[in-house]
Amino acid sequence: MSQFSNSDKQEHGKNAKVALESILHECKNYAYIKEIVKDYRCGYAEYDNTQFYCNFLIIFQDNTKWIVNITTSFRSDRLKGNQWDTYNIKEIDSTISKSVLVYPDDLSEEDKDDFIAYKFKIVNKIHFSAMDDIVGQQELFELIENYANKNLSVGVKKDLQGNNFESYISNVLSNEKNLEKWKTSNPKLVGMNYNFFEKILICFNLDKNSVVKINATSDKTIIGKLQTAGSPKTDVIVSVYLDNGLEKYFTISCKKTNAKSVSVHQYTAETFADVLDSQNKNLRKLLQQFQENGNLRDFGDENSVAMKNELKPYLEKLIRWVIGGYGGKVQNQLQIADYILISDEKDIYIHTLEEYTSMLLKKENESHFGTPFQWTFASGRKGKDIQLKCKIIK
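Residues numbered from 1 in each chain as written. Predicted model: local features only at pLDDT ≥ 70, side-chain atom pairs only at ≥ 80, totals over all residues. Heavy atoms only, no water.

Asker: Looking at this structure, I do not really get the side chain of Asn15. What am I missing?
Answerer: As for its position among the elements, Asn15 is in helix 1 (residues 6-29). On the accessibility criterion, Asn15 (15% relative accessible area) is buried. Here Asn15 is in contact with Lys188, Leu189 and Val190, once residues within four sequence places are set aside. (Helix = DSSP H or I, 4+ residues; strand = E, 2+ residues; numbered from the N terminus. Buried < 20%, exposed > 50% of the residue type's maximum accessible area, 1.4 Å probe, protein only. Contact = heavy atoms within 4.5 Å.)

Set out below in structure tokens:
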């Protein structure tokens, strides 16, 4: 930011605050927080009651309060100012339990390192600090989300956070400031999780000069159900409008997890057989037998070898169906996912379906029956269908 004039720095800071406000409103939309107080001020009773300031005060559903500030530069005078205001706001209101300082995710690695080093001193009690944490934009979202959902069961929390992540990615892709920053390379613009936006658009291989507008949606009513009434692989549909009047569509399957493997597919043996090769009677019989047995031990070594041999010609077809939905009974092509997006709560990783298929086909990712999947059954579903689990590859 050394190339910035003072007015440039002010504009950059203002844009960062707008970006932070967008993230907080997303959290409010998901009911993670119930109130956002912008430009919060307070003071001691016998003095000016507007003396101390923070960018935002957020209030959770359980009435827990956090101070949230954002800064675009690592300057000691600014940090000391934040510390002073934060210390006194906490002294005035003892119900405020946490103070978080946020930096934009699009900062250079060198600038980020300064914040991370300062955070280390705070967390390890090397420096006294009224601020409790220093995080990037995405880390802030995760902090808020994890606190808001702390009392939910694992299953409910997983489903809720997965659905909200899809919505969040849709809003990042639809954010006009992100598009403007991408097209103009204006360093004064910040955007909402711009680094996510840029990674995804690079993977889409778009010409920034021809893109006019981007709209994305994760609305289940728009994406729709499969002909079988099941859920399609597509979680997010991205509509890209070009300057020649044409419109391009991109479909994304999202996985948000820290797990090493996740459930990715669950269908009957008959459906497996019909999709892979409806004429292959040996494969159909083996699939039916595995569905009945439900595990490798009961299925037996001889059947396992036979299954591996029968599945070998269909490995790529199997992966494209399991991961992208190709071969399934879709209502339209937009229900088929051509991009795979993985989030580990710190960053995102996006690949084309072709790239991800090649990654899964590598020898080190081989699992049951020569496929990259673990074959099993869901709880209470033994003998009714087959469930596949997949190693998460970034």
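Asker: So what exactly am I meant to see when it comes to helix 14 (residues 353-360) here?
Answerer: Residues separated by three or four positions in an α-helix point in the same direction, a consequence of the helix having 3.6 residues per turn. The complete set of buried residues in helix 14 reads Leu353, Tyr356, Thr357, Met359 and Leu360. Angular distribution of buried residues about the axis of helix 14 spans 160 degrees; they occupy a single face of the element. Of the surrounding secondary structure, the elements contacted by the buried residues of helix 14 are helix 13 (315-324), strand 10 (339-343), strand 11 (348-352) and strand 13 (386-391). (Arc of directions from axis to C-beta.)

Asker: How should the sheet that holds strand 5 (residues 133-136) be read in this particular structure?
Answerer: Through backbone hydrogen bonds, the strands of a sheet pair up, either in parallel or in antiparallel fashion. Ordered in space as 1-2-3-4-5, the 5 strands form an open sheet in which the pairing is mixed. Edge positions in the sheet fall to strand 1 (33-42) and strand 5, since each of these pairs with one other strand and no more. Strand-to-strand twist of the sheet, defined as the mean angle between neighbouring strand axes without regard to direction, takes the value 30 degrees. As paired strands, strand 3 (residues 65-70) and strand 4 (residues 96-103) are joined by 6 bridges and run parallel to one another. If you follow Trp66 over to strand 4, its bridge partner there is Lys98. Here helix 1 sits on the sheet and contacts strand 1, strand 2 (52-60), strand 3 and strand 4; the angle it forms with strand 1, its principal contact strand, is near 145 degrees. Contacting strand 1, strand 2, strand 3 and strand 4, helix 2 (residues 76-92) crosses the sheet at an angle of about 55 degrees to strand 2. (Pairing = 2+ DSSP bridges. Axes fitted to C-alpha atoms, helices over the stretch in contact; angles between N-to-C directions.)

On their own, these measurements won't tell you what the molecule is for.
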